[in-house]
Amino acid sequence: MPIERRRGLLSKLSSKISRYTSKSIHTPTQEEKEGFLKAQRLAYKCVTETEKEMQEGWTEKQAVKRMETFLKDHGVKVFLHRPFAWFGEHARFDGYKRFTQFHPSKRRLQANESFILDVSPVVDGYIGDIGYSSSLDKNPELDNGMRYLLKLRAELPKLFSSSMSSSEIWHKIDQDSKQNGFDNVHSLYPFAVLGHRVYKVHLPNISFPVLPISFASWFSLQGSLEFLSHKVLPELLTPDHEGEKTGLWAIEPHLGRGKTGFKFEEILVVEKDKAYWLDEEVPHVQKYGKLLEAV
């Protein structure tokens, strides 16, 4: 079955199951927010420290190995998924026919192209799933894309605190990004997810092997078990999601233009009457925020 058809079927299936309740649908406590903040900051430290070491000619697998080593050195044994690294046009996912093509490859980094690093360590039971975009040399296409994504970042809390459904938010972002000349790359993800809930992991803090099948082979066994235990589909923000918005979401808008792909991923807190980012001191705001000031 073609990958595009599989995505569509998965998204439609999720529209039914997302109606069901999940223990992740609740107003987060202060303790939870502090735990997720600690995990998220370690994840960002991992990608920004790796960025400092990266050089032209590095492979995606080399970047992934460096991130894995960093997390291991900082005591991380559990993760939702193993690190991802996508260089240049690989970050656009064009022409992918199977989910294993998302895995890191031997693709070598060029100085003038963008790259995406994505990690999800579990720290004291809390998932810190983040994505970060950068380049070795200045990349105008990347700057333009991140300028747009930061504008979207400012709008997302308003959308989630509004009466709009999750599905309506997905489609608004899809429409607006295309009207501004960008391609919707997250529509190519499994389930076409714009994001997913994060929650506290209750399995033992020991390492497990990754699953030896398809796309899931890049997801840890304990991470997959956790998704299953939370009913999976209510946790995913797909084009057809019908469930509640309350809770903690790892939001990951991923767009592209030309040969360049770019994204950010960070935790959004959604309460009954308001929504806000867990942290404003995130690397993509610090790195690209000046681009908005220059407009």
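Everything quoted here is computed from the prediction, not taken from an experiment. (Residues numbered from 1 in each chain as written. Predicted model: local features only at pLDDT ≥ 70, side-chain atom pairs only at ≥ 80, totals over all residues. Heavy atoms only, no water.)

Visitor: Tell me about the sheet that holds strand β5 (residues 126-127), and please be specific about residues and values.
Guide: Taken together, 3 strands build an open sheet; the order of strands is β1-β4-β5 and the sheet is antiparallel. Across the chains shown, the open sheet's two edge strands, defined by having one partner strand only, are β1 (78-79) and β5. Pairing analysis gives 2 bridges linking strand β4 (residues 121-123) to β5, with the strands arranged antiparallel. Residue pairing for β5: Val122 is matched across the bridge by Ile127. (Pairing = 2+ DSSP bridges. Helix = DSSP H or I, 4+ residues; strand = E, 2+ residues; numbered from the N terminus.)

Visitor: Explain the pairing of strand β11 (residues 254-257) to me, and be specific about the residues and the numbers.
Guide: Bridge count for strand β7 (residues 183-184) against β11 is 2 bridges, and the pairing is antiparallel. By the bridge assignment for β11, Asp183 is matched with Gly256. Two elements, β11 and strand β12 (residues 260-263), share 4 bridges in a ladder whose sense is antiparallel. Pairing of Gly256 across the sheet is with Gly261, part of β12. What sits between β11 and β12 in their antiparallel hairpin is a turn of 2 residues, with Gly258 showing a positive phi close to 60°.

Visitor: Lay out the side chain of His186 in plain terms, naming residues and giving numbers.
Guide: Within the secondary structure, His186 is located in the loop between β7 and β8 (195-197). Residues in contact with His186, not counting those within four places in the same chain, are Trp170, Ile173, Ala192, Val193, Leu194, Glu252, Pro253, His254 and Leu255. (Contact = heavy atoms within 4.5 Å.)

Visitor: Tell me about the pairing of strand β6 (residues 130-135), residues and numbers included.
Guide: β6 sits mainly inside the fold: 6 of its 6 residues count as buried. Burial along β6 is two-sided: the residues Ile130, Tyr132 and Ser134 and Gly131, Ser133 and Ser135 are all buried. Pairing geometry for strand β3 (residues 114-119) and β6, over 6 bridges, is antiparallel. Along β6, the bridge assignment pairs Phe115 with Ser134. (Buried < 20%, exposed > 50% of the residue type's maximum accessible area, 1.4 Å probe, protein only.)

Visitor: Give me the environment of Glu53: which residues, what numbers.
Guide: Its location among the elements puts Glu53 in helix α2 (residues 30-53). Residue classification places Glu53 among the partly exposed positions, given a relative accessible area of 33%. C-alpha of Glu53 to C-alpha of Arg66: the two residues are 13 residues apart in sequence and 9.1 Å apart in space. Contact partners of Glu53, with chain neighbours within four places excluded, come to Trp58 and Arg66.

Visitor: Hey, could you go over the packing of aromatic side chains for me, with residue numbers and the actual values?
Guide: Under the defined criterion, the tally for this structure stands at 8 aromatic pairs. Here Phe264 and Trp277 contribute two aromatic rings whose centre-to-centre distance is 5.9 Å and whose plane-to-plane angle is 75°, an arrangement assigned as edge-to-face. Linking Phe264 in the loop between β12 and β13 (266-270) with Trp277 in strand β14 (residues 275-277), this pair joins segments that are 13 residues apart in sequence. Judged on exposure class, the residue Phe264 and its partner Trp277 are both buried. One aromatic cluster in this structure is built from Phe84, Trp86, Phe93 and Tyr189. Lying over the aromatic face of Phe182, Arg257 brings its terminal NZ or CZ to 4.1 Å of the ring centre. (Phe/Tyr/Trp six-rings, centres within 6.5 Å; stacked < 30°, edge-to-face > 60°. Lys NZ or Arg CZ within 6 Å of the ring centre and 35° of its normal.)

Visitor: Just give me the short version of the sheet that holds β6, but keep the residues and values in it.
Guide: With respect to topology, 3 strands assemble into an open sheet ordered β2-β3-β6, the strand pairing being antiparallel. Strands with a single pairing partner mark the edges of an open sheet, and in this sheet they are β2 (84-87) and β6. On average, adjacent strands in this sheet sit at an angle of 15° to one another, irrespective of strand direction. Against the sheet, helix α3 (residues 60-73) contacts β2 and β3, and its axis sits at roughly 150° relative to β2. (Axes fitted to C-alpha atoms, helices over the stretch in contact; angles between N-to-C directions.)

Visitor: Could you give an account of the packing of helix α4 (residues 140-161) against helix α5 (residues 166-179), with specific residues and numbers?
Guide: Packing of α4 against α5 leaves a shortest axis separation of 12 Å and a crossing angle of 155°. The angle between the axes of α4 and α5 places the two elements in the roughly antiparallel class. Along this stretch, α4 crosses α5, giving a crossing that reads as right-handed. Contacts between α4 and α5 involve Tyr148, Leu152, Leu156, Leu159 and Phe160 from the first element and Ile169, Lys172, Ile173, Asp176 and Ser177 from the second. Looking at the contact of α4 with α5 residue by residue, the classes come out as 7 nonpolar, 1 polar and 2 charged. (Parallel < 35°, antiparallel > 145°, perpendicular 65-115°, else oblique. Left-handed = near helix turned anticlockwise from the far one by under 90°. Nonpolar A, V, L, I, M, F, W, Y, C, P; charged D, E, K, R; others polar.)

Visitor: Lay out the nonpolar core in plain terms, naming residues and giving numbers.
Guide: By size, the foremost hydrophobic cluster in this structure holds 39 residues, and its most contacted members are Val47, Met54, Met67, Leu117 and Val119. Here the element with the most residues in this core is α2; it accounts for 8 residues. What Met67 contacts, discounting residues up to four positions off in sequence, is Cys46, Val47, Thr50, Pro83, Phe84, Ala85, Leu117 and Val119. The next biggest cluster of nonpolar side chains, apart from the first, holds 27 residues, and it includes Tyr148, Leu194, Phe262 and Ala275. (Core = buried A, V, L, I, M, F, W, Y, C linked by side-chain atoms within 4.5 Å.)

Visitor: So what's going on with α5? Which residues, and what values?
Guide: Here α5 is 14 residues long and its end C-alpha atoms lie 20 Å apart, about the 20 Å a rise of 1.5 Å per residue gives. All of the buried residues along α5 are Ser166, Ser167, Ile169, Trp170, Ile173, Asp174 and Ser177. Here the buried residues of α5 occupy an arc of 165° about the axis, which is enough to place them on one side. One or two residues past the end of α5 sits Gly181, with phi positive at roughly 90°. (Expected span 1.5 Å × (residues − 1). Arc of directions from axis to C-beta.)

Any link to function would need more than the numbers given here.
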